[in-house]
Amino acid sequence: MLTKEGLEALWYGQHVVENQEDGGTTEALVKFEYASLVWLPVFCPGQPVVWITCPRLLKRYKMIAGISAELPATYTAPKTLQGRQVGVNRKVLFFNLGFMEIEQSADLSQWIPIGADLPESNLVVVGDNDIAILHDMALYRQSRVALEDTQKKAKKGAFFDVEALPEGSVLVFPVALKQKGWKPFGNSASSELYFGGLESIGFGRYRVTLGGDYL
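One structure accompanies this document, and this report is about it. (Residues numbered from 1 in each chain as written. Predicted model: local features only at pLDDT ≥ 70, side-chain atom pairs only at ≥ 80, totals over all residues. Heavy atoms only, no water.)

1. Re the overall build of the chain
Okay, step 1: A count of helices and strands for the chain gives three helices and 15 strands.
Okay, step 2: The burial tally for the chain puts 33% of its 215 residues in the buried class.
Okay, step 3: The contacts in the chain between residues at least 6 apart in sequence include a share of 62% that link residues at least 24 apart.
Okay, step 4: In the structure as shown, the chain presents an accessible area of about 13,900 Å², 51% of it carried by carbon and sulfur atoms. (Helix = DSSP H or I, 4+ residues; strand = E, 2+ residues; numbered from the N terminus. Buried < 20%, exposed > 50% of the residue type's maximum accessible area, 1.4 Å probe, protein only. Contact = heavy atoms within 4.5 Å. Areas by Shrake-Rupley, 256 points an atom, 1.4 Å probe, with all protein chains shown as cover.)

Structural data, given as structure tokens:
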């Protein structure tokens, strides 16, 4: 890990430069872009959980990971997908809002990011028009409230709703380096990190795995 004093300022930039009246900052040697979904777990009643994606999400992952293969077609899944068999070559997945017919099969293992522990048999590529409603259906939602210290009464303004990605979601983000030698996890390429708030109830916890020529 970056435990030596001053290394965080070297790699991530110094917040305030000393002896400068304008309070300028130093430029970071490491830059992070936004993270986007690659695979999203969705519950199917009476069937195993499946991880879904769409060509639009895979297109960005393809660019980041440098994958040369063509994007898989929509409504594609591995032959081993445990959907409900309908006819000879048809399988159907049943969601809370309806059902989806798998139109063709393909090997999707090359579209699993490094370090992602996903069952290859439970991957499904859906259409770009379907991902929005499936994403909304898969989100974890919970209402929370803080109580007064001396009585079972909600504190004023302490009621709020929580919305989060479900456990097992896989995201990807590119990292740009101006200099080699960056080792945020020491000699390991993977570590657990927290992003965002509500760590006390387990939110924001991710296993981060670095890929590519980052050293």
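2. Regarding the environment of Gly211
Okay, step 1: Within the secondary structure, Gly211 sits in the segment after strand 15 (205–209).
Okay, step 2: Assessed through its relative accessible area of 46%, Gly211 is described here as partly exposed.
Okay, step 3: C-alpha of Gly211 to C-alpha of Gly115: the two residues are 96 residues apart in sequence and 8.9 Å apart in space.

3. Details of helix 3 (residues 131–138)
Okay, step 1: Among all positions of helix 3, only Ile131, Leu134 and Ala138 are buried. Buried positions in helix 3, seen along its axis, are confined to an arc of 70° and lie on one side of it.
Okay, step 2: Looking at the buried positions of helix 3, the neighbouring elements they touch are strand 2 (36–42), strand 3 (50–53), helix 2 (55–65), strand 6 (91–95), strand 7 (98–102) and strand 10 (140–147). (Arc of directions from axis to C-beta.)

4. A closer look at helix 2
Okay, step 1: When we look at burial in helix 2, the residues that qualify are Pro55, Leu57, Leu58, Arg60 and Tyr61.
Okay, step 2: Residues of helix 2 that are buried sit in contact with strand 2, strand 3, strand 9 (123–125), helix 3 and strand 12 (170–172).
Okay, step 3: A positive backbone phi angle near 70° is found at Gly66, which sits one or two residues after helix 2.

5. Re the nonpolar core
Okay, step 1: If you look at the biggest cluster of nonpolar residues, it comprises 19 residues, and the most contacted ones within it are Val50, Ile52, Leu81, Leu93, Phe95, Val124 and Val126.
Okay, step 2: For this core, the secondary structure elements donating two or more residues are strand 2, strand 3, strand 6, strand 7 and helix 3.
Okay, step 3: Apart from residues lying up to four places away in sequence, Ile52 is in contact with Val38, Trp39, Leu40, Val42, Val124, Val126, Ile131 and Leu134. (Core = buried A, V, L, I, M, F, W, Y, C linked by side-chain atoms within 4.5 Å.)

6. Quick look at the side chain of Asn122
Okay, step 1: Considering the arrangement of structural elements, one finds Asn122 in the loop between strand 8 (104–105) and strand 9.
Okay, step 2: Reaching out from Asn122, the side chain makes a polar contact with the side chain of Ser121 at a distance of 3.1 Å.
Okay, step 3: Setting aside chain neighbours within four positions, we find Asn122 in contact with Pro48, Val49, Val50, Trp51 and Leu81. (Polar contact = N/O pair within 3.5 Å; in protein donor to acceptor, adjacent residues only side chain to side chain.)

7. Focus: a nonpolar patch on the surface
Okay, step 1: A contiguous nonpolar surface patch, about 250 Å² in accessible area, is contributed by Tyr12, Phe32 and Val175.
Okay, step 2: Turning to its location among the elements, Tyr12 is positioned in helix 1 (residues 7–12).
Okay, step 3: The exposure class of Tyr12 is partly exposed, given its relative accessible area of 35%. (Patch = residues over 30% accessible without salt bridge, like charges linked within 9 Å, V, L, I, M, F, W, Y side chains within 5 Å. Salt bridge = Lys/Arg side-chain N within 4 Å of Asp/Glu carboxyl O.)

8. Some remarks on unusual backbone geometry
Okay, step 1: For Tyr75, which is not glycine, the phi torsion reads 55° and is therefore positive.
Okay, step 2: Along the chain, Tyr75 turns up in the loop between helix 2 and strand 4 (76–77).
Okay, step 3: For Tyr75, a relative accessible area of 22% translates into the label partly exposed.

9. Things to note about the side chain of Thr76
Okay, step 1: Note that Thr76 resides in strand 4.
Okay, step 2: With a relative accessible area of 1%, Thr76 lands in the buried category.
Okay, step 3: Not counting chain neighbours up to four residues away, the residues in contact with Thr76 comprise Ile102, Gln104, Ser105, Ala106, Leu108, Leu123, Val124 and Val125.

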